[in-house]
Amino acid sequence: MTWDFSTDPETDRELAWIREFIDTEAVPLEALDLPREEFDRVAAPLIAQVKERGLWAAHLDTAHGGTGRGQLRLALMNEIVGRSRVGPLLFGTSPPDSGNLELLAAHGSPEHRVRYFEPLFAGTVRSAVAMTEPGAGADPTLLTTRLVPDGGGWLLNGHKWFATNASLADFLLVMAVSDPDAPPRDRASVVIVDRETPGVEIRRDIATMENPHPRPAQIENHCEVVFTDVRLPAGAVLGEPGRGFAIMQERLGPARLHHCMRWIGQAQRAFEMLCERATYRFTHGSVLADKQTIQSWIADSAAEIAAARLLTLHAAWKIDTLGARAARTDIALIKFHGAKVLHDVVDRAVQAHGSLGFSADLPLESMYRRARAARIYDGPDEVHRQSAARLLLRDRKPPADGVPTEHLPTVRRAARHRFGLDTPDTPDSPDTEGSA
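The structure displayed is predicted, hence computed values, not measured ones.

## What about the overall build of the protein chain?
Line of reasoning, step 1. For the protein chain, the helix and strand inventory stands at 13 helices and ten strands.
Line of reasoning, step 2. Summarising its shape, the C-alpha atoms of the protein chain cover approximately 90 × 70 × 45 Å along the three principal directions.
Line of reasoning, step 3. Relative to its 436 residues, the protein chain shows a buried fraction of 47%.
Line of reasoning, step 4. Contacts in the protein chain between residues far apart in sequence, at least 24 positions, make up 72% of those at least 6 positions apart.
Line of reasoning, step 5. When the accessible surface of the protein chain is split by element, carbon and sulfur atoms take 54% of a total near 21,600 Å².
Line of reasoning, step 6. Within the protein chain, the 59 negative side-chain charges are centred at a point lying 2 Å from the centre of the 50 positive side-chain charges.

## As for the pairing of strand E1 (residues 127-130)
Line of reasoning, step 1. Side chains Ser-127 and Val-129 project from E1 onto one buried face, and the interleaved Ala-128 and Ala-130 project onto a second face that is buried too.
Line of reasoning, step 2. Looking at chain direction, E1 and strand E4 (residues 171-177) are connected through four bridges and run parallel. Pairing of Ser-127 across the sheet is with Phe-171, part of E4.

## A word on the layout of surface pockets
Line of reasoning, step 1. Estimated volume of the second largest pocket: approximately 350 Å³.
Line of reasoning, step 2. Taken together, 22 residues make up the lining of the second largest pocket; nearest its centre are Ile-47, Trp-56, Gly-123, Val-125 and Arg-126.
Line of reasoning, step 3. Looking at the lining of the second largest pocket residue by residue, the class counts come to twelve nonpolar, four polar and six charged.

## Focus on the packing of helix H3 (residues 70-81) against helix H7 (residues 244-280)
Line of reasoning, step 1. At a minimum axis distance of 7 Å, the contact between H3 and H7 shows a crossing angle of 40°. For the pair H3 and H7, the sense of crossing is right-handed. Facing Gln-71, Leu-74, Ala-75, Asn-78 and Glu-79 of H3, the residues of H7 in contact are Leu-257, His-258, Met-261, Arg-262, Ile-264 and Gly-265.
Line of reasoning, step 2. When the residues that make up the contact of H3 with H7 are grouped by side-chain class, the tally is five nonpolar, four polar and two charged.

## Topic: helix H9 (residues 328-353)
Line of reasoning, step 1. Under the 1.5 Å per step criterion, the end-to-end length of H9 is 38 Å for 26 residues, consistent within 8% with the ideal 38 Å.
Line of reasoning, step 2. Counting buried positions along H9 yields 20 of 26 residues, so the element is predominantly enclosed.
Line of reasoning, step 3. Just downstream of H9 lies Gly-354, where phi reads positive at about 60°.

## Here's the deal with the UniProt feature "domain: Acyl-CoA dehydrogenase/oxidase N-terminal" (unreviewed entry) in the protein chain
Line of reasoning, step 1. The UniProt record marks residues 17-123 with the feature "domain: Acyl-CoA dehydrogenase/oxidase N-terminal" (unreviewed entry), using the residue numbering of this structure.
Line of reasoning, step 2. Helix makes up 69% of residues 17-123 and strand makes up 0%, while its end C-alpha atoms are separated by 22 Å.

## Considering the pattern of salt bridges
Line of reasoning, step 1. All chains considered together, the criterion is met by 28 salt bridges.
Line of reasoning, step 2. With its nearest N and O atoms 3.0 Å apart, the salt bridge here joins Arg-126 to Asp-40. In this pair, Arg-126 sits in the loop between helix H6 (110-122) and E1 while Asp-40 sits in helix H2 (residues 36-52), placing the two residues 86 residues apart along the sequence.
Line of reasoning, step 3. Exposure remark for Arg-126: the relative accessible area of 17% places this residue in the buried category.
Line of reasoning, step 4. You can call Asp-40 partly exposed: its relative accessible area is 29%.
Line of reasoning, step 5. The shortest N-O distance in the salt bridge between Arg-416 and Asp-422 comes to 3.7 Å.
Line of reasoning, step 6. When its relative accessible area of 13% is taken as the criterion, Arg-416 is described as buried.
Line of reasoning, step 7. The exposure class of Asp-422 is partly exposed, given its relative accessible area of 39%.
Line of reasoning, step 8. One salt-bridge network, held together by shared partners, links Asp-33, Arg-85, Glu-210, Arg-215, Glu-220 and Arg-370.

## Quick word on the pairing of strand E7 (residues 222-232)
Line of reasoning, step 1. Most of E7 is tucked away: eight of the eleven residues are buried.
Line of reasoning, step 2. Strand direction decides the pairing type here: strand E3 (residues 153-164) and E7, joined by eight bridges, are antiparallel. The residue of E7 that forms the bridge with Gly-158 is Phe-227.

## Some thoughts on the side chain of Arg-83
Line of reasoning, step 1. Tracing the chain through its elements places Arg-83 in the loop between H3 and helix H4 (87-91).
Line of reasoning, step 2. Looking at Arg-83, the relative accessible area reads 7%, which means it is buried.
Line of reasoning, step 3. There is a polar contact of 3.0 Å between the side chain of Arg-83 and the side chain of Glu-272.
Line of reasoning, step 4. With sequence-adjacent residues up to four places away left out, Arg-83 is seen in contact with Arg-19, Ile-22, Asp-23, Gly-265, Gln-266, Gln-268, Arg-269 and Glu-272.

## Quick notes on the environment of Ser-189
Line of reasoning, step 1. Mapping Ser-189 onto the fold places it in strand E5 (residues 188-194).
Line of reasoning, step 2. Judged by relative accessible area, which is 0%, Ser-189 ranks as buried.
Line of reasoning, step 3. Residues Ser-189 and Ala-236, 47 residues apart in the sequence, show an inter-C-alpha distance of 10 Å.
Line of reasoning, step 4. Once you skip the residues sitting within four places of it in the chain, Ser-189 turns out to touch Leu-147, Val-174, Met-175, Ala-176, Ser-178, Pro-241, Gly-242 and Gly-244.
Line of reasoning, step 5. Looking at Ser-189, its side chain comes within polar contact range of the side chain of Ser-178, at 2.6 Å.

Scoring rules and cut-offs
- Here, residues in each chain are numbered from 1, in the same order as that chain's written sequence.
- Where local features are concerned, this predicted model is filtered to residues with pLDDT of at least 70; where side-chain atom pairs are given and counted, the filter is 80 or more; whole-chain, interface and lining totals use all residues.
- Hydrogen atoms and water are omitted, and side-chain values are computed over all heavy atoms in the structure.
- Secondary structure elements follow DSSP: runs of H or I no shorter than four residues count as helices, runs of E no shorter than two count as strands, and numbering proceeds from the N terminus.
- Exposure is judged per residue with a 1.4 Å probe applied to protein chains only, and the accessible area is read against the type maximum: over 50% gives exposed, under 20% gives buried, and values in between give partly exposed.
- Residues are treated as being in contact if the distance between any of their heavy atoms lies within 4.5 Å.
- Areas reported as accessible are Shrake-Rupley estimates using a 1.4 Å probe. Residue values count occlusion only from the protein chains shown.
- Charge convention: Lys and Arg are scored as positive, Asp and Glu as negative, and His as well as the terminal groups of each chain are ignored.
- Charged groups are reduced to one reference atom each: NZ for lysine, CZ for arginine, CG for aspartic acid, CD for glutamic acid.
- A pair of strands is labelled paired if DSSP reports no fewer than 2 bridges between them.
- Think of a 1 Å grid over the protein atoms and nothing else: a 1.4 Å probe that fits but is trapped marks a cavity, an open set flanked by protein within 12 Å on at least five of seven lines marks a pocket, and residues with an atom within 4 Å of a point count as lining.
- Grid points are joined across faces, edges and corners, and a volume is the space filled by probe spheres set on the points.
- Think of it as three bins: nonpolar holds Ala, Val, Leu, Ile, Met, Phe, Trp, Tyr, Cys and Pro, charged holds Asp, Glu, Lys and Arg, and polar takes everything else, Gly as well.
- In this analysis an axis means a line fitted to C-alpha atoms, helices contributing only their contacting stretch, and an angle means the value between N-to-C directions, from 0 to 180 degrees.
- Whether a crossing is left-handed or right-handed is set by the direction in which the near helix is turned from the far one by less than a right angle, anticlockwise for left-handed and clockwise for right-handed.
- Here, expected helix span is obtained from the residue count minus one, scaled by 1.5 Å.
- UniProt positions are given in the numbering used here, feature names are shortened, and annotations may be inferred rather than shown by experiment.
- Should a side-chain nitrogen of Lys or Arg be within 4 Å of a carboxyl oxygen of Asp or Glu, the pair is scored as a salt bridge.
- Throughout this description, a polar contact denotes any pair of N or O atoms lying within 3.5 Å of each other; where both atoms belong to protein, one of them has to be capable of donating a hydrogen while the other can accept it, and for residues adjacent in sequence the pair is counted only when both atoms sit in side chains.

Have a look at this one:
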């Protein structure tokens, strides 16, 4: 099996332009922390540049207006875009819009395409996903939000929270139980709900460790949403009724990988701040770069980032060559590993900067809070560890005779016979390894 992560000259030039654009445009815009309306106004000409270069919504394939770059090239691109918190917004790859575009492209009706996909692709509207519930956590089989037939349409009732962007979204994709008697993974459907539909209540923008004092209807806010007797037309269902779990899994696989791509960019940015700090901070007779502890932090961070990058590129390559299903183990591994690498590298950078790193004078404190959230959203680390372990063990079988495959006394006896070393007077070697 050949692994090829090489890039052509055109891609190299493209990546160089993206790096310059992110560092000269996105990073300063991020520092301003503008209200949504002002951000949209300032960002508009920058988005126009991205679209002019054909880099907008690059995660979509050509059949749906994207560029068909594939996950490997997208990984290289999104690592750079992810250096800045606002980078994905400028490139049309910010969650949850990016994943919703993919679902609408794959499962939307012609009406859905005109009414939802095309405006979302153009960047003139925003969307949200309402799946998580206070009592369900990361287990979608425990959802209680109900979708029941109502005349020629549907009636939606339920309570959701951590619906990102819900307070400013024009529409939401809502996962609800439509057949409670079906098997757990066949009970739910996904419906498209316009935010202004009667009965949709955006109860609050939730204060979090990531954003303790959220401004109302701000980009990336997480919201609590209540649906009370929301009447929807028959065509509101995305795809087929009962296919909600499978549809959302389609969305989450690539989305998790895209998160990992952006985390590497954030970790690399923190690493650069760590290295810079080491060159000028003087203490106890020398700069930090001369201290063994700081040298270890730098070496460990560089190795961890490189390992996470290779894991991510391999997962992306596998999706491109074998499909998303074949990459499930790889995605699960990089999801929890990448989140830990991001957290640990940012943590070292904060520590090296001392009170300056703890202050809001550097982006590290914000990066640190966001890094902690990475271990929870799109499934907590523990779930991904369990999923990866199950997949890795799925085809493993116990030895038929109960003896470990690598049991040395057994291996030695077989080796003597294979190489013709058996003689009538050759006793078995002593079992120095203990019993099997």
